[in-house]
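Close look at the chain arrangement
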Amino acid sequence: MTTAKLNKLGEGEFAVAAEYLIALQEFTAERGMPPQAFLAGSGLPLSALIQPQARIGHHAFERVIFNVLDFFPDPLFAIEYGKRLSISKHGMLGFAAQSSSNLMEAAGLLVQYINTRTGGGEEFELVLKEDYASLRLRPGADSVDETLARFHAITTFINLESLGRWLTGKQEEVVNTQINLSFDSVGEVPASALSPGLTLNFNAMVNEMRLPLSLLTEPLPHANPELASVAEAECAAEMIRLGVKTDVAAMVRGHIRDASGRLPTIESVADGLHMSARTLKRKLHDAGTTYQKIKDSERFRKAIHLLEVTEHSMEKVAEELGYSNASNFNKAFKGLS
C-alpha cells in the first residue's frame, strides 16, 4: 500500500487523478491543440503533463476543459474522447474492475472507490430494477456549470459503456443500452457515433446508464479473484491517503428511497451495496448511526408524503410502510416527529 505524500497541482478542493489530464492532452494534441493553449489560465505548469502520479485540483482541471471545449466546438468531441479512454487510464480502480468476476462486481467497485480517481467530487449509485440496471451519476455539490457537467457526464458514461462492452467481449454486438442525461442536447448525434444498440437521450430526470440486468452477471474473461482483491486493497489505501470518507449512510438512504413497496431489509440493502450485512452494520456504527435509525427516518419521510398526497387512512399508510398495525405506527410516528 502506498504512503507517498500527495502531490497536488493547481487550485481546487478535489484532487483528480493526473492520468485524466494527460489522456485529454494527448487526445487534443493529436487534433492540433498546443499544450500551452490546453493549460492556459489553469495555473498548471507544463510539467503537469508528464506527472501521471500527481493529482490535479478540480478547479484547475475545469479551466482546462473549458479551454478544450472552446478549441473543439464539435458536439461529438465528448463522445469521441469517452471512447478513447482505455481501462488502464483508470489506474488501480480500472485494474480491479478488469479482474472482477462480472460487471456487477466491477460496478460495485466503481461505486465504492470512484473517489480514488476524482478525490471526492462525485458519486455513483447502482440501482437494480426487474430487468435492467441503472448506474447513476451524482455530480459533486461544487459542479454548477452545465456545459462542464454535461461534458463530464457524456465522456464518463460513453467510456463506461465502451469499457463494459470490451470487458464482456461485445464490442460489435447489438446491446440495448441507454445513456440518459438531464442536460439539453449538444446537437444531432448520428447512430454511427454510438455503439450498436446504444441510445443517447437528453432532458431526462437523472444522469444514468441503463443496461440489461443479465449483462451484469455474465462471467468476465479476465476475471482473477486474487488480483481483484489486491487491487481493491490498493484502492482502499488510496482512499485513506486522499482523506476521502465514504458517506455510507447516504448510500443506504438512496437504496431505501429507490425501493418500491415495503422498505427493504438490511440484508437486501447490503447486497445492493455489494457487502455483507455484518460489514454494513459495522460501517454504519462507525458513522454514528444504525440501519434501524435510517429506516425509521425514511419511514417518517415517506409517511408524511403519503398522508399529504393521498387519501390513505392511517391504517393503510401503516400497512404500506410495514407496521403490524396503526397503533405501532402511531407510536413510531410520534417518536420521530
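The coordinates are above.
A brief report on the enclosed structure follows. Everything quoted here is computed from the prediction, not taken from an experiment.

Regarding the packing of helix α3 (residues 58-71) against helix α8 (residues 146-168)
- Contact geometry for α3 and α8: axes closest at 11 Å, N-to-C directions at 85°. With respect to α8, the element α3 is oriented roughly perpendicular. Across from E62, I65, F66 and L69 in α3, the residues of α8 making contact are T147, L148 and F151.
- The residue inventory of the contact of α3 with α8, partitioned by class, reads 5 nonpolar, 1 polar and 1 charged.

Quick word on empty space enclosed by the protein
- Enumeration over the complete set of coordinates arrives at 3 cavities of 30 Å³ or more.
- What lines the second largest cavity is V111, E123, F124, E125, L126, R138, A250, M251, H255, G272 and L273.
- Secondary-structure elements contributing two or more residues to the lining of the second largest cavity are β4 (122-128) and α11 (248-258).
- It is β4 that provides the largest number of residues to the lining of the second largest cavity, a total of 4 residues.
- The residue makeup of the lining of the second largest cavity, split by class, is 6 nonpolar, 2 polar and 3 charged.

Some points on the pairing of strand β6 (residues 177-180)
- Pairing analysis gives 4 bridges linking β6 to strand β7 (residues 198-201), with the strands arranged parallel. Bridging across to β7, T177 finds its partner in L198.
- Inspection of the sheet shows β6 paired to strand β8 (residues 208-212) by 3 bridges, in the antiparallel sense. Residue pairing for β8: I179 is matched across the bridge by M209.

Structural notes on the sheet that holds strand β3 (residues 55-57)
- Taken in spatial order, the 3 strands of this open sheet run β1-β3-β2, and their pairing is mixed. In this open sheet, the two strands that pair with only one neighbour each are β1 (8-9) and β2 (15-17).
- Pairing of β1 with β3, which is carried by 2 bridges, proceeds in the parallel orientation. Paired with K8 across the strands is R55, a residue of β3.
- Strands β2 and β3 of the sheet are contacted by helix α1 (residues 18-29), whose axis makes an angle of about 55° with β2.

Remarks on the side chain of T177
- Inspection of the secondary structure assignment puts T177 in strand β6.
- Judged by its relative accessible area of 4%, T177 is buried.
- For T177, the side chain forms a polar contact with the side chain of E161, separated by 3.3 Å.
- The residues contacting T177, other than those within four sequence positions of it, are E161, R165, G197, L198, T199, R210, L211 and P212.

Criteria and thresholds
Residues numbered from 1 in each chain as written. Predicted model: local features only at pLDDT ≥ 70, side-chain atom pairs only at ≥ 80, totals over all residues. Heavy atoms only, no water. Axes fitted to C-alpha atoms, helices over the stretch in contact; angles between N-to-C directions. Helix = DSSP H or I, 4+ residues; strand = E, 2+ residues; numbered from the N terminus. Parallel < 35°, antiparallel > 145°, perpendicular 65-115°, else oblique. Contact = heavy atoms within 4.5 Å. Nonpolar A, V, L, I, M, F, W, Y, C, P; charged D, E, K, R; others polar. 1 Å grid on protein atoms, 1.4 Å probe; cavity = no way out; pocket = protein on both sides within 12 Å on 5 of 7 lines; lining within 4 Å. Points joined across faces, edges and corners; volume = space filled by probe spheres on them. Pairing = 2+ DSSP bridges. Buried < 20%, exposed > 50% of the residue type's maximum accessible area, 1.4 Å probe, protein only. Polar contact = N/O pair within 3.5 Å; in protein donor to acceptor, adjacent residues only side chain to side chain.

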